[in-house]
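# Breakdown of the fold
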Amino acid sequence: MKFTVDKHERYVVIEPLTDFLNGEAAVKLKGEFMLRNTGGQRNIVLNLCHVQDADEDGIRMGLLARRLCKASGGLFILTGLNKRLTDLLKITNLEGYFKIASTVTKAEDMIFGNEIRLDLRGE
């Protein structure tokens, strides 16, 4: 599975270039999440605009990214979700667990708001 990585100063956007997110794809994405997080990125946006469907492993791979980002004071945000993916998150009771933005621009706004909050706290 191929994916693009768009690295910014305060966040990274990862975009899988597949229509089905399965266990094999999840393993590759988990490795990328860990690489980015250990490299100092605490905010990750996973843009699923090309993904039409996913299995359980594909949905659950986001749990690791969320834990990594949260532990470092950052955010893990899903964007580009279609109705099928949104329904899968509801069925698995993960809809409230993930931060979801309708667009990458909205995800950026969420990240910058979080970064300002952290800066004001001195974290």
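None of these values were measured; they are calculated from a predicted model.

### Quick look at the layout of surface pockets
For the largest pocket, the calculated volume is near 190 Å³. Together, R66, C69, K70, G73, G74, L75, F76, Y97, F98, K99, N114 and R117 line the largest pocket. Broken down by secondary-structure element, the contributors of at least two residues to the lining of the largest pocket are helix 2 (56-71) and helix 4 (104-121). Broken down by element, the lining of the largest pocket gets its largest block of residues, three residues, from helix 2. For the lining of the largest pocket, the residue count by class is five nonpolar, three polar and four charged.

### Comments concerning the UniProt feature "domain: STAS" (unreviewed entry) in the protein chain
Under the UniProt annotation, "domain: STAS" (unreviewed entry) lies at residues 1-111. Helix makes up 44% of residues 1-111 and strand 23%, and the two end C-alpha atoms of the span are 27 Å apart.

### Digging into the pattern of salt bridges
Evaluated as defined, the whole model comprises nine salt bridges. We note a salt bridge from E56 to R60, for which the minimum N-O separation is 3.7 Å. On the criterion of helical spacing, the pair formed by E56 and R60 is a turn pair, its members being four residues apart in helix 2. In this structure R60 comes out as partly exposed when scored by relative accessible area, which is 42%. Each of R10, R42, E115 and D119 takes part in salt bridges that share partners, so that together they form one network.

### As for the environment of N43
Mapped onto the secondary structure, N43 falls in the loop between helix 1 (23-38) and strand 4 (44-47). You can call N43 buried: its relative accessible area is 0%. Along the sequence, N43 and F112 sit 69 residues apart, while their C-alpha atoms lie 9.9 Å from each other. If we ignore the near neighbours within four places in the chain, the residues touching N43 are R10, Y11, V12, C69, G74, L75, I111, N114 and E115. A polar atom in the side chain of N43 sits 2.9 Å from the backbone oxygen of R10.

### Section: empty space enclosed by the protein
All told, the structure shown has one cavity of 30 Å³ or more when counted by the stated rule. If you add up the space inside the largest cavity, you get close to 90 Å³. Along the walls of the largest cavity sit 13 residues, with L48, G58, I59, L78 and L89 positioned nearest its centre. Mapped onto the lining of the largest cavity, the elements with two or more residues apiece are helix 2 and helix 3 (83-91). Its residues assigned to classes, the lining of the largest cavity shows 11 nonpolar, two polar and no charged.

### A few points about the environment of D57
Here D57 shows up in helix 2. With relative accessibility at 37%, the residue D57 sits in the partly exposed group. For D57 and G80, which are 23 residues apart along the polypeptide, the C-alpha to C-alpha distance reads 19 Å. Here R60 takes part through its side chain, which lies 3.1 Å from a polar atom of the side chain of D57.

Cut-off values and rules
Residues numbered from 1 in each chain as written. Predicted model: local features only at pLDDT ≥ 70, side-chain atom pairs only at ≥ 80, totals over all residues. Heavy atoms only, no water. 1 Å grid on protein atoms, 1.4 Å probe; cavity = no way out; pocket = protein on both sides within 12 Å on 5 of 7 lines; lining within 4 Å. Points joined across faces, edges and corners; volume = space filled by probe spheres on them. Helix = DSSP H or I, 4+ residues; strand = E, 2+ residues; numbered from the N terminus. Nonpolar A, V, L, I, M, F, W, Y, C, P; charged D, E, K, R; others polar. UniProt positions renumbered as here; feature names shortened; annotations may be inferred. Salt bridge = Lys/Arg side-chain N within 4 Å of Asp/Glu carboxyl O. Buried < 20%, exposed > 50% of the residue type's maximum accessible area, 1.4 Å probe, protein only. Contact = heavy atoms within 4.5 Å. Polar contact = N/O pair within 3.5 Å; in protein donor to acceptor, adjacent residues only side chain to side chain.

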